[in-house]
Amino acid sequence: MHMGTNMLHLWGRISSINVRKVVWAAQELGLTLQRTDAGGQFGIVNEAGYRRKNPNALVPLMEDGEVLIWESNVIVRYLCAKHSPGNFYPAALPQRFAAEQWMDWQQTTFNPAGRAAFVQLIRTPAEQRKPELIAQSVAATEPLLDLLDAHLAEHAYVGGEQFGMADIPLGCEMHRWFGLPQPRPARPHLDRWYQNLLARPASRGVLDLPLS
């Protein structure tokens, strides 16, 4: 049951990992998404009209008719619950909350660990980079990748045996980490899972983008 053509409006620049999550989810669900660049060099987020809708003055912000949601993983959950109940959004509570916990882990644990390396290597001019910040970020992230690899040794996807909502934020986080110009050890289960994500047609325009 898809909405009318211009009902779904996403605010945010595609260079944002959190905006990419929503774009990919919408593409997986076959939804028509109107996206307006906002945040970063595009501004908008501090304008009064925007702040009324998202008081955090961040991206993304999604408008689905009268519904306003401004947390990226919650937008992914909402879209999957609305358009893919029982599939991308599991019906059974044990499966649903297995997916939920990994989605929260992406935001509370994985993203903070990897953020400094990304900011230093991608968004900081070479002469201004601080190698110690990169090293700390890598040291914090490597054990998390081992943890995820071990989980994926037991499961085809993050949430279980089929692709679902949890794979989207974790896939976007891996896209960002794998895109950093640094060596990385092979992790066969993690690598297999990520290659399966890259092969999904709906991940195009997200997982094949360069980092910026």
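The model shown is predicted, which means the values in this text are computed figures rather than measured ones. Residue indices follow the written sequence of each chain, beginning from 1 at its first position. Selection of residues for local features in this predicted model requires a pLDDT of at least 70, selection of side-chain atom pairs for listing and counting requires 80 or more, and totals for whole chains, interfaces and linings are taken over all residues. For the side-chain quantities, the full set of heavy atoms in the structure was used; hydrogens and water were omitted.

**Student:** Would you mind going over the packing of aromatic side chains in detail, with residue names and values included?
**Tutor:** Two aromatic rings from Phe, Tyr or Trp, using only the six-membered ring of Trp, form a pair when their centres are within 6.5 Å; if the ring planes differ by under 30 degrees the pair is stacked, by over 60 it is edge-to-face, and anything between is tilted. Under the criterion given, the structure shown has eight aromatic pairs. With a centroid separation of 6.0 Å and 80 degrees between ring planes, the pair formed by Trp11 and Tyr50 is classed as edge-to-face. On the criterion of sequence distance, the pair formed by Trp11 in strand 1 (residues 8-11) and Tyr50 in helix 2 (residues 48-53) is long-range, its members being 39 residues apart. Ring geometry for Trp193 against Tyr194: centres 6.5 Å apart, planes inclined by 55 degrees, an arrangement best described as tilted. With a relative accessible area of 6%, Tyr194 lands in the buried category. Here, over-ring charges are defined by two tests on the NZ atom of lysine or the CZ atom of arginine: distance to the ring centre within 6 Å, and angle to the ring normal within 35 degrees. Taking NZ or CZ as reference, Arg176 lies 4.1 Å from the ring centre of Phe118, over its face. Of note, Arg200 hangs over the ring of Phe163, and the distance from its end group to the ring centre comes to 3.7 Å. Here a strand is any run of E in DSSP of at least two residues, a helix any run of H or I of at least four, and the numbering for each starts at the N terminus. Exposure categories follow from relative accessible area, calculated using a 1.4 Å probe and restricted to protein chains: below 20% of the type maximum is buried, above 50% is exposed, and the middle band is partly exposed.

**Student:** I'd love a proper account of the pattern of salt bridges, names of residues and values included.
**Tutor:** For salt bridges, the criterion is a side-chain nitrogen of Lys or Arg within 4 Å of an Asp or Glu carboxyl oxygen. Evaluated as defined, the whole model comprises 10 salt bridges. A salt bridge links Asp37 to Arg35; the nearest nitrogen and oxygen atoms lie 2.7 Å apart. Salt bridges linked by common partners bring Arg77, Glu100 and Asp104 together as one network.

**Student:** Got a sec to walk through the packing of helix 1 (residues 17-28) against helix 3 (residues 72-83)? Specific residues and values, please.
**Tutor:** Throughout, an axis means a line fitted to C-alpha atoms (over the contacting stretch in the case of helices), and angles, computed between N-to-C directions, take values from 0 to 180 degrees. One can describe the packing of helix 1 onto helix 3 by two numbers: an axis separation of 9 Å at closest approach and a directional angle of 10 degrees. Taken together, the axis directions place helix 1 and helix 3 in an arrangement best described as roughly parallel. For the pair helix 1 and helix 3, contact is made by Asn18, Lys21, Val22 and Ala25 and by Ser72, Asn73, Ile75, Val76 and Leu79, respectively. Residue classes follow a fixed rule: Ala, Val, Leu, Ile, Met, Phe, Trp, Tyr, Cys and Pro count as nonpolar, while Asp, Glu, Lys and Arg count as charged, and any other residue, Gly among them, counts as polar. Residue composition of the contact of helix 1 with helix 3, grouped by class: five nonpolar, three polar and one charged. In what follows, roughly perpendicular refers to angles from 65 to 115 degrees, roughly parallel to angles under 35, roughly antiparallel to angles over 145, and oblique to any angle outside these ranges. Two residues form a contact once any of their heavy atoms are found within 4.5 Å.

**Student:** Hey, could you go over the sheet that holds strand 4 (residues 67-69) for me, with residue numbers and the actual values?
**Tutor:** Here four strands make up an open sheet; going across it, the order is 2-1-3-4 and the pairing mixed. The open sheet is flanked by strand 2 (34-36) and strand 4, the only strands paired with a single partner. Taking the axes of each pair of neighbouring strands and ignoring which way they run, one obtains an average angle of 15 degrees across the sheet. Pairing between two strands is assigned when DSSP locates at least 2 bridges connecting them. Where strand 1 lies against strand 3 (residues 61-64), four bridges are found, and the strand directions are antiparallel. Of the residues in strand 3, the one forming a bridge with Trp11 is Leu61. Along the sheet, helix 1 contacts strand 1 and strand 2; its crossing angle with strand 1, the most-contacted strand, is approximately 160 degrees. Sitting on the sheet, helix 3 is in contact with strand 1, strand 3 and strand 4, with an inclination near 25 degrees to strand 3.

Note that every value here comes from positions in space, so none of it alone points to a role or purpose.
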